[in-house]
Amino acid sequence: MDVISEVNGQADSGQVAHDERDAQKGKYMTFKSGNEYYGLKIQYVSEIIQFQAITAIPETADYIKGLINLRGKIIPVIDISIRFKQEPVEYNDRTCIMVVNVQNTLVGLIIEKIAEVVTSATVVEPCAVFSAAATTNGMNRPMPNADRVLPR
């Protein structure tokens, strides 16, 4: 959970200093979904929180699980495994919600398991699961080998 603490520590400190932003360039937060690992540019990750109760929204897509209240902010939550058309996973103690900033909107992503932070040298292919208007710039499928995330 040290990766989670590192990201949350940066988010809690308010505005990340210019030097820290430079240090984040080319880094990706990787996570597991199904049998694959994915990466999201770390600059989009606001924080990672424990899984919590989600208020369902009627008549929405099946991957939209609902809303959470995070310190007074209402945030929509998406189940990544369902969005990526994988088998739904059973939530457990490793399941968390990665809060990301997408075009100045906070969105919670239900993540099966956080892997680690890697450099862009590890990233292999972009993932086009989200619409072009959403987050294709930041979401990547970094590893052809899902057994281990290996930074170069």
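Predicted model, so just to flag it, every value in this text is computed and none were measured.

Engineer: How would you explain the packing of aromatic side chains if you had to name every residue and give the values?
Structural biologist: The geometry of an aromatic ring pair is captured by two quantities: the separation of the ring centres and the angle between the planes. Following the criterion strictly, the structure yields three aromatic pairs and no others. Ring plane angle 45° and centroid distance 4.6 Å describe the contact between Tyr38 and Phe84, whose orientation is recorded as tilted. Here Phe84 lies in the loop between α3 (80-83) and β6 (96-102) and Tyr38 lies in strand β2 (residues 36-41), a separation of 46 residues in the sequence. Within the aromatic cluster, the residues linked to one another by ring pairs are Phe31, Tyr38 and Phe84. The ring of Tyr63 carries Arg83 above its face, with NZ or CZ at 4.7 Å from the centroid.

Engineer: Let's hear about the pairing of β6: which residues, and what values?
Structural biologist: When you tally the buried positions in β6, you get six out of seven residues, the bulk of the element. For strand β3 (residues 45-50) and β6, the ladder comprises five bridges, and the chain directions are antiparallel. Note on β6: the bridge partner recorded for Val45 is Val100. Hairpin connection from β6 to strand β7 (residues 105-111): two residues lie between these consecutive antiparallel strands, with Gln103 at a positive phi of about 50°.

Engineer: How would you sum up the sheet that holds β7? Please name residues and give values.
Structural biologist: The five strands are arranged β3-β6-β7-β5-β4 in an open sheet whose pairing can be described as mixed. With partners counted over all chains shown, the strands left at the sheet margins are β3 and β4 (64-70), one partner each. With strand direction ignored, the average angle separating the axes of adjacent strands in the sheet is 30°. One ladder, built from three bridges, connects strand β5 (residues 73-79) with β7; its direction is parallel. Across the sheet, residue Ile78 finds its bridge partner in β7, namely Leu109.

Engineer: Run through the confidence of the model for the protein chain, naming residues and quoting values.
Structural biologist: The predicted model of the protein chain averages 76 in pLDDT, with 63% of residues at 70 or higher. The model gives residues 129-138 a pLDDT under 50, and that stretch makes 22 contacts with residues more than four places away or in other chains. Every residue in residues 141-152 is under pLDDT 50, and counting partners more than four places away or in other chains gives 34 contacts.

Engineer: If you had to explain unusual backbone geometry to someone new, which residues and values would you point to?
Structural biologist: Unusually for a residue other than glycine, Glu59 sits at a positive phi of about 60°. Topologically, Glu59 is positioned in the loop between β3 and β4. We classify Glu59 as exposed; its relative accessible area is 83%. Although it is not a glycine, Gln103 sits at a positive phi angle of roughly 50°.

Criteria and thresholds
Residues numbered from 1 in each chain as written. Predicted model: local features only at pLDDT ≥ 70, side-chain atom pairs only at ≥ 80, totals over all residues. Heavy atoms only, no water. Phe/Tyr/Trp six-rings, centres within 6.5 Å; stacked < 30°, edge-to-face > 60°. Helix = DSSP H or I, 4+ residues; strand = E, 2+ residues; numbered from the N terminus. Lys NZ or Arg CZ within 6 Å of the ring centre and 35° of its normal. Buried < 20%, exposed > 50% of the residue type's maximum accessible area, 1.4 Å probe, protein only. Pairing = 2+ DSSP bridges. Axes fitted to C-alpha atoms, helices over the stretch in contact; angles between N-to-C directions. pLDDT = per-residue confidence, 0-100. Contact = heavy atoms within 4.5 Å.

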